[in-house]
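Geometric and topological summary
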Amino acid sequence: MSKYLIVAFVILIIGFSSFFVYTAVRGKNNSESQTGNEISLDTYQKDGKLYADITATAAGFSPNKLNLNSNTEIILRAKNINNYSCTSVIRIAKLNILEKLPYNGEKEIVIPPQPAGTKLIATCSSGANTIQMNFY
Ligand SMILES: [Cu+2]
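First things first, this report covers the structure right here in the doc.

Structural notes on the nonpolar core
Across soluble globular proteins, you tend to see nonpolar side chains buried next to one another. In this structure, I54, L68, L76, A78, I131 and M133 are the most contacted members of the largest nonpolar core, which totals 16 residues. Within the residue set of this core, elements represented by two or more residues are strand 2 (49-57), strand 4 (65-68), strand 5 (74-80), strand 8 (106-111) and strand 10 (130-135). Excluding anything up to four places from it in sequence, A78 contacts I54, A56, I90, L101, E106, K107 and I109.

The following block contains the structure:
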């Protein structure tokens, strides 16, 4: 009887310690990914406004990921180069934004302030090309 108790106790200890090791390792990795990788924002200031640039070509959007400031208006400057394809249209469904870019021209798309943690997806008119916008 006491043999079974000891075995059960050992199993319990192994279970608990592996759980603590797991959570410790996971916590360490989490803090590293938050403090180790400084978030670099893709915005720049001009005339007191915050801008982010993207380029649309037939190959897609570049960049296709933007790190943006939260709680402030961002002006997305979308430049269209030699492009009549679906990427000459930018759609941000969540914000009800649908913009046609002029051929070899550019358009400023105003993105209203978004809370930190917001993720917005802009797409082309076909939906195949995306720009992922993360707000920090
Ligand atoms: Cu498309």
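And the narrative resumes.
Quick word on unusual backbone geometry
Note that the residue after S62, namely P63, is joined by a cis bond; omega there is -5 degrees. By secondary structure assignment, the location of P63 is in the loop between strand 3 (60-62) and strand 4. A positive phi is found at N71, a non-glycine position, where the angle reads about 60 degrees. In this fold, N71 is placed in the loop between strand 4 and strand 5. Assessed through the 10 C-beta atoms surrounding it within 10 Å, N71 is described here as exposed. Of note, the phi angle at N82 is positive, near 45 degrees, even though the residue is not glycine.

Basis of the calculations
- Residues numbered from 1 in each chain as written.
- Predicted model: local features only at pLDDT ≥ 70, side-chain atom pairs only at ≥ 80, totals over all residues.
- Core = buried A, V, L, I, M, F, W, Y, C linked by C-beta atoms within 7 Å.
- Buried ≥ 20, exposed ≤ 12 C-beta atoms within 10 Å, placed from the backbone.
- Helix = DSSP H or I, 4+ residues; strand = E, 2+ residues; numbered from the N terminus.
- Contact = placed C-beta atoms within 7 Å.

Distances and angles like these do not, on their own, reveal function.
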